[in-house]
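Structural characterization, general
So the chains spell out like this:
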Amino acid sequence: MHPCHDRYHTPSIVVLTGAGVSADSGLATFRGAGGLWEGHRVEQVATPEAWHADPELVWRFYQLRRGALGEVEPNPAHAALARLEATCARQDIEFLLVTQNVDDLHERAGSDPTHMHGELAMLRCERCAHREHNLSDLAPGQFVPCPHCNHDRLRPDIVWFGELPMHMDHIERRLRRATHFLSIGTSGLVYPAAGFLTAARAAGAHTWVNSLDEPDNLHPSDDFHVGRAAVVVPRLVDELLAELEA
Ligand code: OAD
């Protein structure tokens, strides 16, 4: 008997999303053609060392990405996950949406995601740790000073290479008791997120995977659905909800 059908297991759903879920909204993935880093090497724009060496360059790169948020909309995959979250809330079923994405498309679709790699819409003071939601339209190269300690510039609240992902304790607790796990649009190459599928499987969860090509961490026991998230995810959500009702 599958654990989710076992009346002694309380359902607990964990969803992990990556760049592929936002690809159908028009945001570039990291490793596909078209390379997100826009002509920069990763270490030039996405490391603490880069920020200290050339904050103007790093800030201009993130200004472009913050600006791009205004040009995209959530797609049916984001909407389906928000529907899943709302259904779980109504039925008192534990649900966690973890995203590696720094865009705000899950929020705009109605979800309450846990951003393990930070958010473009958030800024953080490296001196006093003040954090604020800020998507203000700034002149190119214009920094935002800290309103608390007057430090001259807030940094993007983004997990750069060499920094620790956020909310890991909470995520790991949920993975240990997951009964249903969905991995959507992620290549399974970047840890610790790439280990979540294995952890959920080890907890006995039913695991679904959606991507355009087989992710690195795929196992034969995962339910793999190839195709665009905007098409596949609404179907997977229906399948999962049917399994919960069974
Ligand atoms: P990747 O660019 O590594 O992988 C994108 C995945 O999405 C691939 O498996 C594609 O097949 C799939 N994909 C592309 N278009 C899709 C679509 N329309 N529908 C469904 N799947 C699609 O992106 P991530 O796995 O998210 O970290 O990358 C993980 C992390 O690597 C990022 O969060 C970032 C990067 O370094 C940090 O910046 C800390």
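So, a few notes on the structure that sits alongside this text. (Residues numbered from 1 in each chain as written. Predicted model: local features only at pLDDT ≥ 70, side-chain atom pairs only at ≥ 80, totals over all residues. Heavy atoms only, no water.)

1. A closer look at the overall build of the protein
Looking only at helices and strands, the protein has nine helices and nine strands in total. Relative to the globule expectation of 18 Å for 246 residues, the C-alpha radius of gyration of the protein, 19 Å, shows essentially globular dimensions. Structurally, the protein occupies a C-alpha span of about 60 × 40 × 30 Å along its principal axes. Expressed as a percentage of the 246 residues in the protein, the buried residues total 51%. Of the roughly 11,900 Å² of accessible surface on the protein, a fraction of 52% belongs to carbon and sulfur atoms. Charged side chains of the protein number 21 positive and 34 negative; the gap between the two group centres comes to 3 Å. (Helix = DSSP H or I, 4+ residues; strand = E, 2+ residues; numbered from the N terminus. Rg over C-alpha atoms; globule rule 2.2 N^0.38 Å. Buried < 20%, exposed > 50% of the residue type's maximum accessible area, 1.4 Å probe, protein only. Areas by Shrake-Rupley, 256 points an atom, 1.4 Å probe, with all protein chains shown as cover. Lys, Arg positive; Asp, Glu negative; His and termini not counted. Charge placed at Lys NZ, Arg CZ, Asp CG, Glu CD.)

2. Topic: the side chain of Asp222
Here Asp222 lies in the loop between β8 (206-211) and β9 (223-226). Reaching out from Asp222, the side chain makes a polar contact with the side chain of Thr207 at a distance of 2.6 Å. Reaching out from Asp222, the side chain makes a polar contact with the backbone nitrogen of His219 at a distance of 2.8 Å. (Polar contact = N/O pair within 3.5 Å; in protein donor to acceptor, adjacent residues only side chain to side chain.)

3. So, the site of the ligand
The local shell around the ligand holds 23 residues, among which Ala19, Arg31, Thr186, Ser187 and Asp213 are the closest. With respect to the ligand, the side chain of Ser187 contributes an N or O atom lying 2.6 Å from an oxygen atom. A distance of 2.6 Å is found between an oxygen atom of the ligand and a side-chain nitrogen or oxygen belonging to Asp213. Protein coverage of the free-state accessible area of the ligand, which is 790 Å², stands at 92%. Of all the elements in the fold, those that place two or more residues in the shell around the ligand are α1 (19-23) and β8. Element by element, the count of residues in the shell around the ligand is highest for α1, at three residues. (Near = heavy atom within 4 Å.)

4. Structural notes on the pairing of strand β7 (residues 180-184)
In terms of residue burial, β7 counts as a mostly covered element, since five of its five residues are buried. Because side chains alternate across β7, one face comprises the buried residues His180, Leu182 and Ile184, and the other comprises Phe181 and Ser183, equally buried. By the bridge criterion, five bridges tie strand β1 (residues 12-17) to β7 in an arrangement that is parallel. If you follow Leu16 over to β7, its bridge partner there is Ser183. Once the chain exits β7 it traverses helix α8 (residues 196-202) before rejoining the sheet at β8, and the crossover so formed is right-handed. (Pairing = 2+ DSSP bridges. Right-handed = clockwise from strand over helix to strand, strands pointing away.)

5. A few points about the sheet that holds β7
Strand order across the open sheet formed by six strands is β3-β2-β1-β7-β8-β9, with parallel pairing between neighbours. Where the open sheet ends on each side, the last strands, each with one partner, are β3 (114-115) and β9. In the sheet, β8 pairs with β9 via four bridges, with the strands oriented parallel. Residue Trp208 lies in a different strand from β9, and its bridge partner there is Asp223. Seen against the sheet, helix α7 (residues 168-176) touches β1, β2 (94-99), β3 and β7 and runs at an angle of roughly 130° to β2. Relative to β8, helix α9 (residues 229-245) is tilted by about 170°, and along the sheet it contacts β1, β7, β8 and β9. (Contact = heavy atoms within 4.5 Å. Axes fitted to C-alpha atoms, helices over the stretch in contact; angles between N-to-C directions.)

6. Description of the environment of Asp112
As for its position among the elements, Asp112 is in the loop between α6 (105-109) and β3. Look at Asp112 and you get exposed, because its relative accessible area is 59%. Along the backbone, Asp112 and Cys128 are 16 residues apart, and their C-alpha atoms lie at a distance of 26 Å.

7. Comments concerning the sheet that holds strand β5 (residues 131-133)
With antiparallel pairing, the three strands of this open sheet are ordered in space as β5-β4-β6. Among the strands making up the open sheet, the edge pair consists of β5 and β6 (155-158). Ignoring strand direction, the axes of neighbouring strands in this sheet form an average angle of 50°. Relative to β5, strand β4 (residues 118-124) runs antiparallel, the two being bridged by three bridges. Opposite Arg124, over in β5, you have Arg131 as the bridge partner. Taken strand by strand, helix α4 (residues 55-68) contacts β4 and β6, and its axis lies near 125° from that of β4.

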